[in-house]
Amino acid sequence: MLEYYPEIRSIHIAAVVVSGSLFAVRGLGLIIGKRWPLSPPLRYLSYTIDTILLTAALLLMTIVRQYPLVHGWLTVKVGLLVLYIALGIMAFRPGPGAGVRFGLWTAALLVYAFIISVAMSHHPLGYFAA
Ligand code: HEM
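Contacts to the ligand come from 22 residues, most closely from Tyr-5, Arg-9, His-12, Lys-77 and His-122. In the model, a nitrogen atom of the ligand is placed 2.9 Å from a nitrogen or oxygen of the His-12 side chain. In this structure, Lys-77 approaches the ligand through a side-chain N or O atom, which is 2.4 Å from a nitrogen atom. Judged by its atoms lying within 2 Å of the grid points, the ligand is housed in the largest pocket. Elements with a minimum of two residues in the shell around the ligand: helix 1 (5-31), helix 2 (40-64), helix 3 (72-92) and helix 4 (98-121).

Structure below.
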């Protein structure tokens, strides 16, 4: 599997870009009061991309032999992923007004950007590493 490392890494990164962009656009649609962001085709597209992202993540983990709870940057990454998912669920749930939804959506995107910095630096503090 080692020989496929560059391809799997590219798939992981591409899925990160598409998943984050889709979340950003759907969230924006909900904030301005549209219903299309919750349509089944977009929801299933999002689940599919996230499944690809996580499958590639698990393959990369075994290739580079670095694991959550063993390596700090991956522990932080997975912890922040859980936070991102929780914020995303709250942002997409019916109920909150546009202001609260905007706050949750912004917080989720900031967490997502920070996860990328943790991944790129291989450091738990990401952007904030000395
Ligand atoms: C359970 C979730 C995840 C795991 C276990 C995981 C694991 C990994 C691993 C092992 C690598 C390869 C590092 C290397 O080549 O040495 C990687 C790369 C990367 N991951 Fe993830 N990942 C996860 C989720 C995410 C998420 C949600 C994002 C974005 C928000 C992300 C962004 C990236 C990026 C940008 C890289 C490329 C870093 C670089 O080498 O420049 N990952 N990930």
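Once you've had a look at it, read on.
Here the focus is the environment of Ala-15. Locating Ala-15 in the fold gives a position in helix 1. Separated by 39 residues in the primary sequence, Ala-15 and Leu-54 have C-alpha atoms spaced 8.9 Å apart. Excluding anything up to four places from it in sequence, Ala-15 contacts Ile-49, Ile-52, Leu-53 and Tyr-112.

Okay, unusual backbone geometry next. If you check the backbone angles, Leu-69 has positive phi at about 70° while not being a glycine. Mapped onto the fold, Leu-69 is located in the loop between helix 2 and helix 3.

When you line up the elements, Ser-117 lands in helix 4. Look at Ser-117 and you get buried, because its relative accessible area is 6%. Contacts of Ser-117, omitting those with residues within four sequence positions, involve Gly-126 and Tyr-127.

Right, let's get into helix 2. Between its first and last C-alpha atoms helix 2 spans 36 Å; for 25 residues at 1.5 Å apiece the expected length is 36 Å, and the two agree. Those residues of helix 2 that sit buried are Ser-46, Ile-49, Leu-53, Ala-56, Leu-60, Met-61 and Ile-63. Structurally, helix 2 contributes buried residues whose contacts are with helix 1, helix 3 and helix 4.

Computed from the structure, the largest pocket encloses a volume of approximately 1,300 Å³. Along the walls of the largest pocket sit 40 residues, with His-12, Val-16, Leu-53, Leu-54 and Leu-81 positioned nearest its centre. Looking at the lining of the largest pocket, the elements with two or more residues in it are helix 1, helix 2, helix 3 and helix 4. Examining the composition of the lining of the largest pocket, we find that twelve residues originate from one element, helix 2, more than from any other. Each residue belonging to the lining of the largest pocket can be placed in one class, and the counts come to 30 nonpolar, five polar and five charged.

What counts, and where the lines are drawn
Residues numbered from 1 in each chain as written. Predicted model: local features only at pLDDT ≥ 70, side-chain atom pairs only at ≥ 80, totals over all residues. Heavy atoms only, no water. Near = heavy atom within 4 Å. Polar contact = N/O pair within 3.5 Å; in protein donor to acceptor, adjacent residues only side chain to side chain. 1 Å grid on protein atoms, 1.4 Å probe; cavity = no way out; pocket = protein on both sides within 12 Å on 5 of 7 lines; lining within 4 Å. Sits in = over half its atoms within 2 Å of the grid points. Helix = DSSP H or I, 4+ residues; strand = E, 2+ residues; numbered from the N terminus. Contact = heavy atoms within 4.5 Å. Buried < 20%, exposed > 50% of the residue type's maximum accessible area, 1.4 Å probe, protein only. Expected span 1.5 Å × (residues − 1). Points joined across faces, edges and corners; volume = space filled by probe spheres on them. Nonpolar A, V, L, I, M, F, W, Y, C, P; charged D, E, K, R; others polar.

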